[in-house]
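Chain by chain, the residues:
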Protein chains: 4
Amino acid sequence: MNTFGNVFRLTSFGESHGACIGGVIDGCPAGIAMDMDFIQRELDRRRPGQSAITTSRSEADRVEFLSGIYDGVTTGAPVGFIVRNENQHSEDYDGMKDAFRPSHADYTYRMKYGIRDPRGGGRASARETVARCVGGAVAKLALGRQRISIQAYTSRVGHIGLDGSYEDYDLGLTENSAVRCPDPGKAAEMEALIAEVKARGDTVGGIVSCVVKGVPAGLGEPVFGKLHAALGAAMLSINAAKGFDYGIGFDTVSRFGSEQNDHFYNDRGCIRTRTNFSGGIQGGISNGQDIYFRVAFKAVATLLMEQPTVDGDGRDIRLKARGRHDPCVLPRAVPVVEAMAAMTIFDCQLSRSTIPDSAKKWPE
Amino acid sequence: MNTFGNVFRLTSFGESHGACIGGVIDGCPAGIAMDMDFIQRELDRRRPGQSAITTSRSEADRVEFLSGIYDGVTTGAPVGFIVRNENQHSEDYDGMKDAFRPSHADYTYRMKYGIRDPRGGGRASARETVARCVGGAVAKLALGRQRISIQAYTSRVGHIGLDGSYEDYDLGLTENSAVRCPDPGKAAEMEALIAEVKARGDTVGGIVSCVVKGVPAGLGEPVFGKLHAALGAAMLSINAAKGFDYGIGFDTVSRFGSEQNDHFYNDRGCIRTRTNFSGGIQGGISNGQDIYFRVAFKAVATLLMEQPTVDGDGRDIRLKARGRHDPCVLPRAVPVVEAMAAMTIFDCQLSRSTIPDSAKKWPE
Amino acid sequence: MNTFGNVFRLTSFGESHGACIGGVIDGCPAGIAMDMDFIQRELDRRRPGQSAITTSRSEADRVEFLSGIYDGVTTGAPVGFIVRNENQHSEDYDGMKDAFRPSHADYTYRMKYGIRDPRGGGRASARETVARCVGGAVAKLALGRQRISIQAYTSRVGHIGLDGSYEDYDLGLTENSAVRCPDPGKAAEMEALIAEVKARGDTVGGIVSCVVKGVPAGLGEPVFGKLHAALGAAMLSINAAKGFDYGIGFDTVSRFGSEQNDHFYNDRGCIRTRTNFSGGIQGGISNGQDIYFRVAFKAVATLLMEQPTVDGDGRDIRLKARGRHDPCVLPRAVPVVEAMAAMTIFDCQLSRSTIPDSAKKWPE
Amino acid sequence: MNTFGNVFRLTSFGESHGACIGGVIDGCPAGIAMDMDFIQRELDRRRPGQSAITTSRSEADRVEFLSGIYDGVTTGAPVGFIVRNENQHSEDYDGMKDAFRPSHADYTYRMKYGIRDPRGGGRASARETVARCVGGAVAKLALGRQRISIQAYTSRVGHIGLDGSYEDYDLGLTENSAVRCPDPGKAAEMEALIAEVKARGDTVGGIVSCVVKGVPAGLGEPVFGKLHAALGAAMLSINAAKGFDYGIGFDTVSRFGSEQNDHFYNDRGCIRTRTNFSGGIQGGISNGQDIYFRVAFKAVATLLMEQPTVDGDGRDIRLKARGRHDPCVLPRAVPVVEAMAAMTIFDCQLSRSTIPDSAKKWPE
C-alpha cells in the first residue's frame, strides 16, 4: 500500500538506489498556485548533506513535475513528479548484499516478498520520504491560503530534551540550528551529542514535537477515523518512528480528571477552552484549539560498528556497514513530520461533509 | 467513517441510548466455527457493572447474530449482529442536553454536524466498543486456529505502574483482578486508587500494555501501511486513547543505537533475534518475534463535580454531571485493546499477497 | 464486498431465509428529514406479492431503523436498519439442498466459499435488494431537496418494447400498471405475455429504462471514476442484470459522428445542448442535461419445469423447482434501478471537490 | 480518481500534450518476470499512426520503468513508469483554446474544475490509455503463467458486423487486419467504411467483443462486487464507451428462461455447462466457463467539419477542428479492452479470499 490519504492521495514509488523517487498526487483541487521556490525549499530542508550532523550523501533533490499543472496552477488532474537519484554508491552495499542488517527491514522484506532489492535498503530507505515532502509542500500551499500553519521541531535527542511546551519557545528559531531545536542552548547540546555519537560510529534517537495552528472546529471523523488516529497512522508510517501521542499524551497518568479537563468559555463570541490538555481534538474531531503531538524516533539501525547477524542462507556472520548514514534522524525528520501532518489535515478537510451554513452558530 | 479494516471489515452503528449497538463483519472467510460461548465471554469482559470499580450501568449485552452463519459456521456472507441497549437512564442527561461537557465530544459533534443526539454521548459513547468486541472475538477465533494469541493488561493506573516487561509477569493472572493487572500486589494498589478517586467524584487514567504471540514473519505493508501504523490507528481510535508506542517506544531516547539493535541468529533453522527492542516489527513488517505495544488512556472526562462550561447558546454556565460513569476506563479498555489488535492482525493477514512456497526459505 | 459507495455508503447484510435483511448507511449527511411514509412506499414498490405477475411470497417489509436518527432527522451517525423476513418457506428448498440449480449462483458460491446456505438462494437472492431500496429512499430524500428526480420504467418485456424515448411518454403513468410501463397499451401486452409465460412455468426478461433529471454539471470523475462507469457498476450489481448502456448506447453504430454530436448553445445564459445523444454525460462528467440509461435483465433462472443438472457430489440429476418465484423481474426491478441510481448520484455529489464560487461562470 | 483496482492498482497521470503519460502499478506481486518485448508489443498495438485508418500522430511510445524491478523481476514494490509524449502539435489547438468542442469533455471539465488544460484534450484524451496498456501488459504476464488468456476483437463498425459468436472465428487472425476483425472479408468491408468516412471528415463507432479463457471458478464477489460489474465499470471507463453487456446480454429479450438456462453436467470429473448464455459468470462469480462480453464505442466526437458550439464566454460560435484524429476508435480500442480486462481479472484473483484445499471438491 503505497498510497496515503482518502481524497488528497499521495502514491509514492522509487527505491533509494533506483532511477528516482517519484509520486502522484491525486485528488488535489484545481486552482492551487504551485510556488516552486517554496516546494524546493521544503525539499532542501529534508536533503541529505545539509549539515555536519546528517549523512554526507549529496543530492540536489530537484523535483520535476510531469503533469497536473497548467499556467502554474493545479488543474485537478493528478500531479505526477520525480526526484532523480544522483549520488548513490551502490557498491557500498556489495558486501551486505546477502546479509540481514540488524533492526533493518532486510529480513522482513525477504520474508514478505521472497526476494529483495539489496541496494541501499531499496524501498525501505528513508529516501522514500522525498515524495512525502513534495506532497506535503503542496498540501501546505493549500492550507496556507486558509491560514493553517504547521511547525515541527526537535524536542529531544537522547537524554537532552526541552522541558517546556511549544508555547514556551519561539518556533521561528527552529531553522536556525542544524538540529532544528528552537532553544539555542539545547540545540548546541544536542548537536554536540550527535557529533560525539557519530564519532564513535553509534547513533541516537529522540522526539519531534509538532503544532498545527488555525485548524477550524469540526475536522476528523468519529469512531474509526478520529483525527488523532489519522495523525498517528501518518506519523507511525515514517521510517524509524516508534511512538505517537497528542495533547497530554502519555503524561495523562500524572493528573486526575479534574486536573486535565479543558473548560469551555465564551471568548467574545468564540467558544474556546481555558487549557488545552486535549491537544485540540475531542472525540476525534478538532475543537478549534491548537493541535499538538509528539513522535518518537529510534536511533538509526545502521552502525559503523561490527555486529553479529545472519546471511541469506541463515549462516551466522559478523557485519560492519559502510555507506553514508545519519547518526540521528531527528533533524531531517522534522520536515517529514510536517509534510505528513499537512497531508493528513488537508485530506480530512477535503473529506469533510459540509453542513448548511444555517446550522453553524459560531465562527470556526 | 464507521468501517474498520480492508479485507476483514467491521462496520459499526448504534448510539449509547438508542435501540442497540450493532455491526456488520464483512470479508470474514467462510468456515470459521462461531463459538458463541467464547464470543459472549469476550463481551462480558467489557460489560459495564462487572465490578465495584466500573460504572454501575447494568447491561446483559447479549449478542444476536442476524446473518452470515449457517450450521454454526460462517458462510463468507456478511455477519450482521446487534446488542440491545436495556439499561439507559436517558433522563440523567436532561439537565445536560444543551451543555457542552468539558473534554467531551459534545461541542465538536455540534460543530461537525450542526446537530447532535444528546443522550448519553450518542455515538461518541464508549458503549460503541461493544461492536468492536464482537468483531474482535470473531477475529480471535480465526487467529486461534493458527495459534496466534493476544493478551492485554493494565500496566499503569495514575502513578501506580508495573516496572517490568510483559515477560516478567504471568499474564494468565490478568483476569483474576478487577483492574486486569497481572501483578496481584499492584492490582490491589490500583484498585484502591480507583476506589479513592471514585469516592471524591474524580477520575484517573493509565496505560494498557498488549502482547501478540505467534504472528508469522511477513505481515504488514511497507511505507504507509506499516503494521505498527495500522495497530496505532486501531488503538488511537478507542475512546480516551491519548498515545501509542511499540517495542522500545518512547524509551528509545534512553539507549544508543548500539544498545537497541536486535541481532539475528540462527536458532536451529529458525531466524530469531536475541533481543526484541523492535517489538516484533521491522520496516513495518512482522519479523516473527512477539509484537508488543502500549496505549495511554486519559482520565474519564465525566466528573461528578461541578465544572464551568458553556451551553448550546454559548452562555457560560456551571455543570454537574449525573449518570453512571467509570472512574477509570482501564479495566474495561483491556478487552477493547485486544479486540482491535485481533481485527488488525487478522486483516493484515488476509490482505497479504501470497508468495510462492518455493520462495520461502525458513518456517515462519 | 457488501458495501456500495465511497462517501454515502450502504453496507448490506442478511439472507433470503435468515432473520432479516439489513443494512447500514454510513456517510449520510446530518439534517435529512426521514420521511418514513415515503421510505415505506419505496419498499412497497419492491415488495413481493404486490400483483398477479409477481411472486406470491408475501412480506410486509416493514423497515425498522436502529440508529442515526434523532427527532426524525439524520444526525450524521450511521443509520442501521433491518427488515424482518416473515414468509419464508424454507422447506420448499429441501429437495434442492444439494443441487446446483441451472444459471443460479449455487455452484459458484460453492466454488468460492467451499460451503453455502442453501435456503432460498441465501445471499444471492434478490431479496437482498430490500436493503438497496432503503438506502435509495434516503438518497432520494436528499436529492429531492435539490430537485433532482429519478424515474425508471419497464421499456421492454421479451419481444414487446416501447419504440420511443423517455420524452415520448408521460412517466407519471408508470406506477399505474403492474408491469410499470408508462404506455398503457404496451403495459397490457407485457402483462399478458408475463401471465402466459408464468402459466407454462417459464420466465421472460426485458429492459428497464431510467432518466435522472436536474443533475448539475460537474458530477463524476474523469478517467476511472466516470459517472457512467459508476452507474454501470451500480446497475450491473443488481441481480439478473446482463447489460447497461447510456445515451445513444449500443445504438451508436447506427449513426455517424456528424449525426450524434450534441451541439452546445447559449440558452439565455445557460449552456445547453440541442440534442442529447450523450445522455447527459461527457468525458465521464455530467453536463447538466438529462441522464438516461438502460439495463437489460435476463429471464429468471428458476423455472417450474424439470431441468437437468448435477448435485453436490457431481452426480447428474434432474431437478424441478418448487417455491414462489417471479416469472419476470422487470416490474420489481424498476424501484431497485431507481434506488441504485439515487445512491450513485448522491455519492458522486458528496464526493465532489468543491471549486471556489468565483471560478463558476454559469448557473449549474 | 485516477486509481483503478483494489489489490492490483494502477494510478495513472499525464496529459496528452504534457511531458508524458505515466503510471504506478501498486500491489503487483513479487517475482513476475517482466518481458519487456511483450510489454512494448502491447503498447505498439495501441500506438497511433500504426495504419492508414488511425490517427497520423506518430509516437514511438517507449515505456521507461522507474522502480519496482530488480534483475528483470518485480520486487513487490510499486512499479513506476513513464511514456514520453513526443509528437504533440499543440498549436493545432490554439484556435479551439476557448471553445467547448461538441460532445467532448471541454465543457464538463470547465464546470467541474473551473479551469482546464486546453491542449489536446488534456487529461480527457485517449492518450491516457497508454498507462492502461502498460498495467494490462503486466497483468497479462501474471495471468499467462496460469494459462488465462484474453482476446478482444472488433465485431462491428457502423452497420458492418459479425453475425457469429467468438467461437465461430479464428481469433488468431485478429491482428492480421488493421481494423482487428478476425473475419478477413468483414475486416476489408470495415476498413473500406472507415476510409470512406474519414475522407469526408466524419467518424464512425462500433463494438469490441472480448473473451477470457481459463478463469477458474470462484472469482468475483457477490452483491456489489460482482465480476461482471467490475468488468463493466472497467470497460465503461474507457474513452468513448457507451455500453457493456456480457453473456447473452441485451439479447436476453429474445429468449425465454427455458431457452437461456445453462445446464450443468459432469464432464469426467469437472462440472461444466452445456451452453454458456451466462457468459461464464453466475451470481457475479466465475463458473469456470469462458467469460465473454461486448463494449459499444461511439463515433469519435472530433470531426473535420464545421460545427456550431459556444466559447468560454458563452458566445455562440462555429468551430472546425484541426489536428490529427482517429476516424474510428475501434482498432486501437481492442488492446485497451484487453488491458482493462486483464487488470480486472488479476485484481479479482488477488482479492479472492482463499478457502482451505480440503473444502474444494473439483479441479477449478
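Residues numbered from 1 in each chain as written. Chains lettered and ligands numbered in written order. Predicted model: local features only at pLDDT ≥ 70, side-chain atom pairs only at ≥ 80, totals over all residues. Heavy atoms only, no water.

**With respect to the relation of the copies chain C and chain D**
Where we set the bar: Residues below a pLDDT of 70 in either copy are left out; the C-alpha atoms of the rest, at least 70 in both, set the least-squares superposition of the copies. Residue contacts are counted whenever heavy atoms from the two residues lie within 4.5 Å of one another.
Taken as rigid bodies, chain C and chain D are interconverted by a rotation of 180 degrees and an axial shift of 0.0 Å, the fit giving an RMSD of 0.0 Å. Taken together, the rotation and translation relating the two chain copies correspond to the operation of a two-fold axis. A share of 100% of the interface residues of chain C reappears at the interface of chain D, consistent with the copies meeting face to face through the same patch.

**With respect to the packing of aromatic side chains**
To keep it simple, the criterion reads: The rule is short: rings of Phe, Tyr and Trp, with Trp giving its six-membered ring, pair when the centres are within 6.5 Å, and they are stacked under 30 degrees, edge-to-face over 60, tilted in between. Numbering of helices and strands runs from the N terminus; a helix is a DSSP stretch of H or I covering at least four residues, while a strand is a stretch of E covering at least two. For every residue, the accessible area obtained with a 1.4 Å probe (protein chains only) is divided by the maximum for its type, and the residue is called buried under 20%, exposed over 50%, and partly exposed between those limits. A ring has a charge above it when a Lys NZ or an Arg CZ is no more than 6 Å from the ring centre and no more than 35 degrees off the ring normal.
Across all of its chains, the model carries 38 aromatic pairs over all chains by this definition. Pairing A:Phe250 with B:Phe250 gives two aromatic rings, centres 5.6 Å apart and planes at 65 degrees, and the pair type is edge-to-face. Taken as a pair, A:Phe250 in the loop between strand 11 (241–246) and helix 6 (257–260) and B:Phe250 in the loop between strand 11 (241–246) and helix 6 (257–260) lie in two separate chains rather than in one. Here B:Phe250 falls in the buried class, since its relative accessible area comes to 10%. It is D:Lys112 that lies over the ring of D:Tyr113; its NZ or CZ is 5.8 Å from the centre.

**Observations concerning the packing of helix 1 (residues 36–46) of chain B against helix 7 (residues 330–351) of chain B**
Residue and element names in this part refer to chain B. Which entries qualify depends on this criterion: Here, axes are lines fitted to C-alpha atoms. For helices the fit covers the stretch in contact, and angles between N-to-C directions go from 0 to 180 degrees. Small angles under 35 degrees read as roughly parallel and large ones over 145 as roughly antiparallel, with 65 to 115 read as roughly perpendicular and the rest as oblique. In the scheme used here, Gly and all other residues not listed as nonpolar or charged are polar, with Ala, Val, Leu, Ile, Met, Phe, Trp, Tyr, Cys and Pro taken as nonpolar and Asp, Glu, Lys and Arg as charged.
At a minimum axis distance of 7 Å, the contact between helix 1 and helix 7 shows a crossing angle of 140 degrees. Taken together, the axis directions place helix 1 and helix 7 in an arrangement best described as oblique. Within the contact between the two elements, helix 1 uses Glu-42, Arg-45 and Arg-46 and helix 7 uses Arg-332, Val-334, Pro-335, Val-336 and Glu-338. A class-by-class count of the residues in the contact of helix 1 with helix 7 yields three nonpolar, no polar and five charged.

**A short note on the arrangement of the chains**
Separating chain A from chain C is a minimum C-alpha gap of 7 Å, and the two share no contact. Where chain B comes nearest to chain D, the C-alpha atoms are still 7 Å apart, and the two do not contact one another.

**Topic: the relation of the copies chain A and chain B**
Once chain A has been moved 0.0 Å along the axis and rotated by 180 degrees, it coincides with chain B to within an RMSD of 0.0 Å. When the interface residues of chain A are mapped onto chain B, 100% of them again fall at the interface, so both copies present the same face.

**Here we look at the sheet that holds strand 8 (residues 149–157) of chain A**
So the rule is basically this: For two strands to count as paired, DSSP must find a minimum of two bridges between them.
As summarised here, the arrangement of the ten strands in space is 9(A)-8(A)-10(A)-16(A)-11(A)-11(B)-16(B)-10(B)-8(B)-9(B), forming an open sheet in which the pairing is antiparallel. At either margin of the open sheet sits one strand with a lone partner, and together these are strand 9 (160–161) of chain A together with strand 9 (160–161) of chain B. As defined by bridge partners, strand 11 of chain A adjoins strand 16 (residues 291–297) of chain A across five bridges and the pair is classed as antiparallel. Along strand 16 of chain A, the bridge assignment pairs A:Asp245 with A:Arg294. Helix-sheet contacts for helix 5 (residues 227–236) of chain A involve strand 11 and strand 16 of chain A together with strand 11 of chain B, and the interaxial angle to strand 11 of chain A is about 160 degrees. Helix 7 (residues 330–351) of chain A rests against strand 8, strand 10 (206–213) and strand 16 of chain A of the sheet, and its axis sits at about 145 degrees to strand 8 of chain A.

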